[in-house]
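Secondary and tertiary structure notes
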Amino acid sequence: MPSAPENHFDAIIIGAGAAGLMAAIEAGKRGRKLAVLDHADQIGKKILISGGGRCNFTNLHCRPENFISANPHFAKSALARYTPADFIALVEKYKIPYHEKTLGQLFCDTTARDILDMLFEECRRAHVQILPGTHITEVIRTTEFIVRTGMAEFHSPALVIATGGLSIPKIGATQFGYDVARQFGLKIRETRPALVPLTFNICDRKNYCDLTGVALEVVASIGRQRFREKMLITHRGLSGPAILQISSYWKKPQTVVLDLAPGAELTGPIINGTARRDLAAAKAAFRELLPNRFADRWLDLNEPRQWTNHALGELERRSHNWEISPDGTEGYEKAEVTVGGVDTDELSAKTMESRKVPGLFFVGEVVDVTGHLGGFNFQWAWASGFSAGQAL
């Protein structure tokens, strides 16, 4: 299929999400002729639904420690080259109102549409062509990259894969990016859902799922990883920020340890008081710090055989070390991101370019870099996209 001159570009970017658009903007600013191809008819769906529709677009406290990767050092270069302050400056340039929610998380005051419109306007100013509804049938490399669709053929010396991970397939997630990486001989780190609710095993489901909607602050931990935030009981298991955070580290059959009353002593009123020592007294004490229904249920299931100081000490210990053995997760359908992806050993940390295939770049979630909850994954998208755009 011959290629018309207008289908020759300095770079082709596949995927018009956060990372792909940022790569296009930066390369376009530098005078490059660019095409951004996306199979979706509506661009930026994940941006629009993020942060409950208000887009948690970055985090003030972004550090390499907030990311999961087989190589924990890989993200440092890109994160240093494009910081939260850089993206905030862009947001403020467009006079988009925003606020800090908690823990450095920045959200739009109004709607995520503000961020997407800002990116579109930056693309327009940089003369970037965005082609939605483009279904790619083949990617090959001869002396240059050739991207074929059912209707056209695009040629370029550089190809950027910004197609995301496997999370939320209903808005278009596919394994396209991984397939391209494998086609060109790049290794893929095993993928799994992350920032995802955990499901109870049969026993815990029977014991706790009728408490759906009950929430409490906990510390959720696996090994050295600890997150102190809210936990929510669902009709199938556990969710809430603390659980979403720890889920990124969880693999079956690991246990998740929950501190139900961080920094507090639940049994103190019984041990130190003069009141009677029995289940009713324990429930009264636990209800002072925990939701009533949860306190009652947890004690019914963990009632000590005796009410001695030793037994109460053991009850206290268990309340700060409640071990849950999840049956699984809610899967990619409910996962916010994907752990794993294109092996960072295959890429330049400075430019995101493949070490094996010159001109082939991978940015954003398709790479084996996964952020914590709270705007970190967007910051990785901006930073990795910027780094690739600077190299195109």
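Owing to the predicted nature of the structure, the values given are computational and were not obtained by experimental measurement.

The rules behind each value
Every chain's residues receive numbers from 1 upward, in the order its sequence appears when written. Local features are withheld for residues below a pLDDT of 70 in this predicted model, meaning they are given only at 70 or higher, and side-chain atom pairs are given and counted only at 80 or more; totals for whole chains, interfaces and linings count all residues. Processing note: side-chain calculations cover all non-hydrogen atoms of the structure and skip hydrogens and water entirely. What makes a nonpolar core is a set of buried Ala, Val, Leu, Ile, Met, Phe, Trp, Tyr and Cys residues whose side-chain atoms join them at distances within 4.5 Å. Burial classes: relative accessible area under 20% of the type maximum marks a residue as buried, over 50% as exposed, and values in between as partly exposed (1.4 Å probe, protein chains only). We call two residues in contact whenever any of their non-hydrogen atoms come within 4.5 Å of each other. Pairing between two strands is assigned when DSSP locates at least 2 bridges connecting them. Strands here mean DSSP runs of E at least two residues long; helices mean DSSP runs of H or I at least four residues long; both are numbered from the N terminus. Note on method: axes are straight lines fitted to C-alpha atoms, helices fitted across the in-contact stretch only, with angles between N-to-C directions ranging 0 to 180 degrees.

**Notes on the nonpolar core**
- Phe57, Phe87, Ile115, Leu159, Phe362, Trp380 and Trp382 are the most contacted members of the largest nonpolar core, which has 82 residues in total.
- In this structure, Trp380 is in contact with Phe67, Phe74, Ala75, Ala78, Leu79, Met352, Gly364, Val367, Val369 and Gly385, ignoring residues within four places of it in sequence.
- In this structure, Leu211, Tyr249, Phe286 and Trp322 belong to the second largest nonpolar core, which totals 40 residues.

**Focus on the sheet that holds strand β5 (residues 98–100)**
- Strands sit in the order β3-β6-β5 across an open sheet of three strands; the sheet is antiparallel. Pairing within the sheet leaves two strands with one partner each, and these edge strands are β3 (56–59) and β5. For this sheet, the mean inter-axis angle between neighbouring strands, taken without regard to orientation, is 25°.
- Where β5 lies against strand β6 (residues 105–108), three bridges are found, and the strand directions are antiparallel. Counted as the bridge partner of His99 is Phe107 from β6.

**Considering unusual backbone geometry**
- The omega torsion of the bond from Lys252 to Pro253 falls at 10°, within 30 degrees of zero and hence cis.
- Looking at the secondary structure, you find Pro253 in the loop between α8 (241–247) and β17 (256–259).
- Residue Lys95 is not a glycine yet carries a positive backbone phi of 55°.
- Position of Lys95 among the secondary structure elements: in the loop between α4 (84–93) and β5.
- The backbone phi angle of Leu103 is positive, close to 50°, even though this residue is not glycine.
- Among the secondary structure elements, Leu103 is positioned in the loop between β5 and β6.

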